[in-house]
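# Coordinates in review
If you want the building blocks of each chain, they are given just below.
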Amino acid sequence: MYSHLIDLNDYSVEQWNEIIKLARDIKSNPHIYEGACTGKIMGTLFYEPSTRTQMSFQSAMLRLGGGIIGFDNPQTSSIAKGENLKDTTKTVSGYSDIMVMRHHLEGAAKAAALTADCPVVNAGDGGHLHPTQTLTDLLTLTAEKRLTDLNIGVCGDLKNGRTVHSLVRALSKYEGNKFTFISTKALGLPEYIRKELIEGGAECADVSSIEEALLDLDVLYMTRIQKERFASDEEYERQKDVFVLNARKLKAAKKDLAVLHPLPRVDEITHEVDGDPRALYFKQANYGMYARMALILIILNYDGFKPKPLFEGESGGLKCANKRCIVNNEKGLKQSFVGGSDVLVCEYCEERVI
Amino acid sequence: MYSHLIDLNDYSVEQWNEIIKLARDIKSNPHIYEGACTGKIMGTLFYEPSTRTQMSFQSAMLRLGGGIIGFDNPQTSSIAKGENLKDTTKTVSGYSDIMVMRHHLEGAAKAAALTADCPVVNAGDGGHLHPTQTLTDLLTLTAEKRLTDLNIGVCGDLKNGRTVHSLVRALSKYEGNKFTFISTKALGLPEYIRKELIEGGAECADVSSIEEALLDLDVLYMTRIQKERFASDEEYERQKDVFVLNARKLKAAKKDLAVLHPLPRVDEITHEVDGDPRALYFKQANYGMYARMALILIILNYDGFKPKPLFEGESGGLKCANKRCIVNNEKGLKQSFVGGSDVLVCEYCEERVI
Amino acid sequence: MYSHLIDLNDYSVEQWNEIIKLARDIKSNPHIYEGACTGKIMGTLFYEPSTRTQMSFQSAMLRLGGGIIGFDNPQTSSIAKGENLKDTTKTVSGYSDIMVMRHHLEGAAKAAALTADCPVVNAGDGGHLHPTQTLTDLLTLTAEKRLTDLNIGVCGDLKNGRTVHSLVRALSKYEGNKFTFISTKALGLPEYIRKELIEGGAECADVSSIEEALLDLDVLYMTRIQKERFASDEEYERQKDVFVLNARKLKAAKKDLAVLHPLPRVDEITHEVDGDPRALYFKQANYGMYARMALILIILNYDGFKPKPLFEGESGGLKCANKRCIVNNEKGLKQSFVGGSDVLVCEYCEERVI
């Protein structure tokens with residue numbers, strides 16, 4: 001069994017903290033870690049282009065002295081056309097010491113991990129999970145701010161933005177954090193996540209504009225609302241400005257506010273904000289490289305860093321209803337569900353069947 | 001003169017065995033070879049995408065400590081558009097210590113070798129030659145089985161599959177091998193190759209389904225028959241199953257059968273077979289990396305490993321009739337033929353003119 | 001402030017000579033420089049494919065022991081689509097120690113340098129500047145010929161070929177050089193450049209065919225005239241041959257003529273010329289790697305190698321009229337002009353406004 005990273009929740013908060021601590025040490029003492037992965041190879045299988053994530057992983061591996069193979073161009077890559085996911089990933093895993101994978105189908109990284117000959121890191125499986133983004137966000141807050149007792153505003157499409165779900169769930173595991181959700185009614189946080197946060201002890205509030213929330217925030221996590229998510233063009237025109245951060249609004253915020261954004265941005269933060277010392281999103285992108293360096297090092301070098309075992313469970317005749325789930329798109333995979341009598345989810349994409 | 005690898009037959013069987021022996025030593029003692037190519041650069045010119053072959057070469061070079069430049073994307077690469085093959089390959093060979101090349105035209109690697117400033121390795125020139133696949137197959141059999149006294153079944157399109165031609169010719173140079181060809185009448189092995197095998201002392205048999213052959217085989221080499229190679233759709237529907245290997249058929253085979261496949265597969269081996277210990281095709285893909293490591297090392301480091309000299313011969317007014325031959329597609333190349341009075345072939349693509 | 005290389009004229013002739021001297025030493029003693037950039041990363045952002053330039057930079061960095069990240073495929077790269085230039089370049093500069101950039105818009109490299117967290121090298125910004133080509137040309141002449149007292153013929157489209165402008169301006173700063181311009185009337189050298197050359201003390205002559213000039217030349221710098229630059233198809237058919245160099249014409253030239261070409265060529269030099277010892281264009285391509293090695297080393301390692309400071313000047317209400325200028329295509333950039341009361345040019349693309 002290898003130490004795959006498919007879902008951050010396969011590891012404990014203590015293990016997250018271990019990665020974050022190592023990442024900070026690497027940033028402070030980069031020369032110590034040069035050559036730590038000499039002779040190792042990272043396969044980067046980007047079935048869906050994501051140049052920023054890929055370059056972040058590549059620079060991480062190169063700074064550790066390792067090498068990189070892979071593809072980023074599904075249209076012209078022979079390997080991405082027609083061939084079964086397993087045949088490609090199993091073959092490349094035989095050339096690699098660690099394999100980083102991005103795919104448009106949900107559960108694809110987990111499916112690859114079932115047969116891979118090296119550890120697999122999920123660099124995004126459709127809209128499902130993106131655990132290294134969450135590690136990046138946690139590292140940025142640790143280094144630039146703190147992880148506890150924060151009043152955290154989260155702005156954007158909170159219904160469909162699953163990286164936001166992952167982040168707020170992760171932050172709710174640290175003490176004393178409060179959340180303020182800034183969105184439209186229709187694009188608010190799903191009820192089951194809100195329930196989870198509240199049960200974990202986090203306060204939650206909702207507002208419908210950045211200005212309503214900004215005064216008290218310690219952290220403002222900005223994301224994009226896609227135009228097509230609004231109910232109508234009129235609705236979009238009427239509402240879009242209330243979800244844009246500009247220099248004028250920022251005047252009302254705390255002097256030590258941390259403005260984060262996973263990038264790329266479109267128009268949701270105006271360019272005049274970039275010069276404000278509270279704008280940390282470029283720093284955040286840079287922390288992403290250190291988070292990935294720490295992750296690669298831990299996976300390749302530490303014994304005992306094992307995730308929950310992968311398994312292909314029984315289906316009991318059920319079938320995952322998610323068309324974008326890998327189990328419905330890849331020959332040779334079996335329907336598999338995990339959970340209990342009240343909630344049962346697909347093992348690959350976590351879509352609920354009960 | 002550089003030690004190019006254009007055609008495996010430019011080298012002796014003893015030299016093949018030397019590569020195989022080194023490859024096995026690298027697999028057993030990888031740390032000895034780390035850094036053996038430090039400071040060296042491999043240019044990888046893939047005019048036709050072949051991600052698996054390319055990644056195999058790249059991981060081989062990286063594991064030896066070398067670096068990689070190149071392209072894999074003819075559509076968007078400026079170098080692959082319009083420019084003469086020679087101008088590109090000569091320039092890149094000036095940046096490289098070894099150059100690996102794949103091209104859709106037959107004879108392209110040989111044409112590049114005429115002017116290159118570094119050794120050239122043929123990673124596939126159209127349907128013509130693919131010598132590192134054959135090296136991979138020989139290494140796999142050496143390590144997992146043996147190279148002599150084998151009953152070898154070869155299944156698929158044996159008429160057009162030139163990598164199969166290369167493999168059976170190579171295996172016929174080792175003692176005591178028997179071949180069983182599994183194909184349709186129309187897609188059987190060409191007569192001139194069968195003649196060559198028999199003259200070399202190898203027994204040959206023909207059957208029209210996997211089941212007829214499987215009982216006695218030591219090796220089953222599977223390849224694909226493309227749907228469009230069958231005489232008609234009805235013919236395809238009627239015949240396709242007899243050329244598919246599945247778990248049921250495999251029950252009748254020897255306990256130590258070796259099932260090989262050059263990959264990628266489509267449907268000719270069912271996924272349930274993957275778990276059978278006799279299914280060696282993923283191991284085979286992995287051996288491909290070690291075969292290429294040995295080849296790179298030998299070409300870059302060993303003196304005296306010289307192939308037959310390249311030359312541009314005289315045409316005597318003849319013209320190669322193969323439209324997919326580089327000599328008919330590249331300015332500045334001269335028609336050139338080799339052989340004797342009874343057989344004369346194009347030096348680039350080996351198409352017979354007499 | 002970092003040592004960017006945006007425009008060769010930001011540095012002194014003494015500094016050019018320093019780069020050339022180092023490049024020659026690297027070529028003579030490559031092993032001394034192996035590992036000189038170990039642990040360093042070069043980001044290569046090719047918004048416009050230019051495989052030759054990119055591979056030249058990549059092999060340069062790898063031979064120095066450094067690593068490479070980047071993209072070369074704007075069509076399939078997520079980073080090149082939609083996102084603001086600054087967001088991409090700032091992020092990648094955080095992963096990199098040096099960033100090499102090619103872009104179809106003029107001034108793009110300068111715009112990137114304004115916010116980058118590492119030195120930026122301009123590998124071509126539209127038709128504007130391509131300083132590492134000029135360094136390559138100067139190195140080639142230094143090593144194979146000399147930089148002074150040359151009779152230099154320049155053939156091709158001298159009106160639109162801005163790399164030719166850059167080269168003749170550079171060569172005019174060395175003593176005793178004469179220029180002979182070989183082009184059509186309509187495609188001759190712009191008057192303001194000719195004026196600059198003459199004021200600098202260089203003799204200039206014009207001829208309308210290679211043959212008229214060849215007898216007395218020490219250097220013939222060939223470039224392409226695109227068919228569509230001719231006034232009409234008839235004009236093209238009538239004139240094209242006089243701008244083609246072939247073996248017959250070359251017979252009349254000096255025995256130690258140096259024929260250069262930035263490559264790729266189309267038909268302007270026939271392939272029979274390649275075997276002539278005076279044909280130096282493949283050597284020239286190879287010198288390009290050494291020029292870039294020297295440049296990378298100097299930028300990464302030498303203190304005190306600073307260019308003229310970048311600044312965003314005042315616009316005084318003026319607006320750059322060049323649609324292909326970055327200032328008219330990138331949000332957040334301000335119109336900025338430099339010069340005096342008689343001449344005022346856009347800081348990004350150098351288009352004159354007064």
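Computed from a prediction, not measured in an experiment: that's the story for all the values here.

### Overview of the packing of helix α1 (residues 13-28) of chain C against helix α12 (residues 281-301) of chain C
Residues and elements named next belong to chain C. Direction vectors running N to C along α1 and α12 enclose 115°, while the axes themselves pass 8 Å from each other. With respect to α12, the element α1 is oriented roughly perpendicular. For the crossing formed where α1 meets α12, the hand is right-handed. Side by side, α1 and α12 meet where E18, I19, L22, A23, I26 and K27 of the first sit next to N286, Y287, Y290, A291, M293, A294, L295, L297 and I298 of the second.

### Some points on the relation of the copies chain A and chain B
Between the two copies of the chain lies a relationship made up of a rotation around an axis and a movement along it. Note on the identical chains: chain A maps onto chain B by a rotation of 120° and an axial translation of 0.0 Å, with an RMSD of 0.0 Å. Here the transformation between the copies is reduced to the relation of a three-fold axis.

### Concerning the environment of L64 of chain A
Residues and elements named next belong to chain A. Within the secondary structure, L64 is located in the loop between α3 (51-63) and β2 (67-71). Since its relative accessible area comes to 0%, L64 is described here as buried. For the pair L64 and M293, spaced 229 residues apart in sequence, the C-alpha to C-alpha distance is 7.2 Å. The contact partners of L64, leaving out residues within four places of it in the chain, are Y33, E34, G35, A36, C37, T38, M293, I296 and L297.

### Thoughts on the sheet that holds strand β6 (residues 178-182) of chain B
Residue and element names in this part refer to chain B. Reading across the sheet, the five strands line up as β7-β6-β5-β8-β9 and stay open at both edges, with parallel pairing between neighbours. With partners counted over all chains shown, the strands left at the sheet margins are β7 (203-207) and β9 (258-260), one partner each. The average angle at which neighbouring strand axes cross in this sheet is 20°, direction not considered. Judged from the five bridges that link them, strand β5 (residues 151-155) and β6 form a sheet pairing that is parallel. Paired with C155 across the bridge in β6 is I182. Lying on the sheet, helix α8 (residues 191-199) is in contact with β6 and β7; it crosses β7 at an angle near 140°.

### A short note on the interface of chain A and chain C
Across the contact, 23 residues belong to chain A and 25 residues belong to chain C. There are five salt bridges connecting chain A and chain C. At the junction of chain A and chain C, the tally comes to nine residue pairs in polar contact (both at pLDDT 80 or more). Of all the secondary structure elements, the ones that give two or more residues to the side of chain A that touches chain C are α3 and α12 (281-301) of chain A.

### Concerning the relation of the copies chain A and chain C
Least-squares fitting of chain A to chain C yields an RMSD of 0.1 Å, with the transformation described by 0.0 Å of translation along the axis and a rotation of 120°. By residue overlap, the copies meet through two different surfaces: only 4% of the interface positions of chain A are interface positions in chain C.

### Here's the deal with the domain arrangement of chain A
The domains assigned to chain A are domain 1 (8-130 + 286-301), domain 2 (133-284) and domain 3 (312-354). For domain 2 of chain A and domain 3 of chain A, the distance between their C-alpha centres works out to 32 Å.

### Some details on the pairing of strand β1 (residues 41-46) of chain C
Residue and element names in this part refer to chain C. Burial runs high along β1: six of the six residues are buried. In β1, alternate side chains face the same way, and those of I41, G43 and L45 on one face and M42, T44 and F46 on the other are all buried. In terms of strand pairing, β1 meets strand β2 (residues 67-71) through five bridges, oriented parallel. Note on β2: the bridge partner recorded for L45 is F71. Assessed by its sense of winding, the connection that carries the chain from β1 through helix α3 (residues 51-63) to β2 is right-handed. Pairing geometry for β1 and strand β3 (residues 98-103), over five bridges, is parallel. Paired with L45 across the bridge in β3 is M101.

Quick notes on the rules
Residues numbered from 1 in each chain as written. Chains lettered and ligands numbered in written order. Predicted model: local features only at pLDDT ≥ 70, side-chain atom pairs only at ≥ 80, totals over all residues. Heavy atoms only, no water. Axes fitted to C-alpha atoms, helices over the stretch in contact; angles between N-to-C directions. Helix = DSSP H or I, 4+ residues; strand = E, 2+ residues; numbered from the N terminus. Parallel < 35°, antiparallel > 145°, perpendicular 65-115°, else oblique. Left-handed = near helix turned anticlockwise from the far one by under 90°. Contact = heavy atoms within 4.5 Å. Least-squares fit on C-alpha atoms with pLDDT ≥ 70 in both. Buried < 20%, exposed > 50% of the residue type's maximum accessible area, 1.4 Å probe, protein only. Pairing = 2+ DSSP bridges. Salt bridge = Lys/Arg side-chain N within 4 Å of Asp/Glu carboxyl O. Polar contact = N/O pair within 3.5 Å; in protein donor to acceptor, adjacent residues only side chain to side chain. Domains from an automatic or database assignment. Right-handed = clockwise from strand over helix to strand, strands pointing away.

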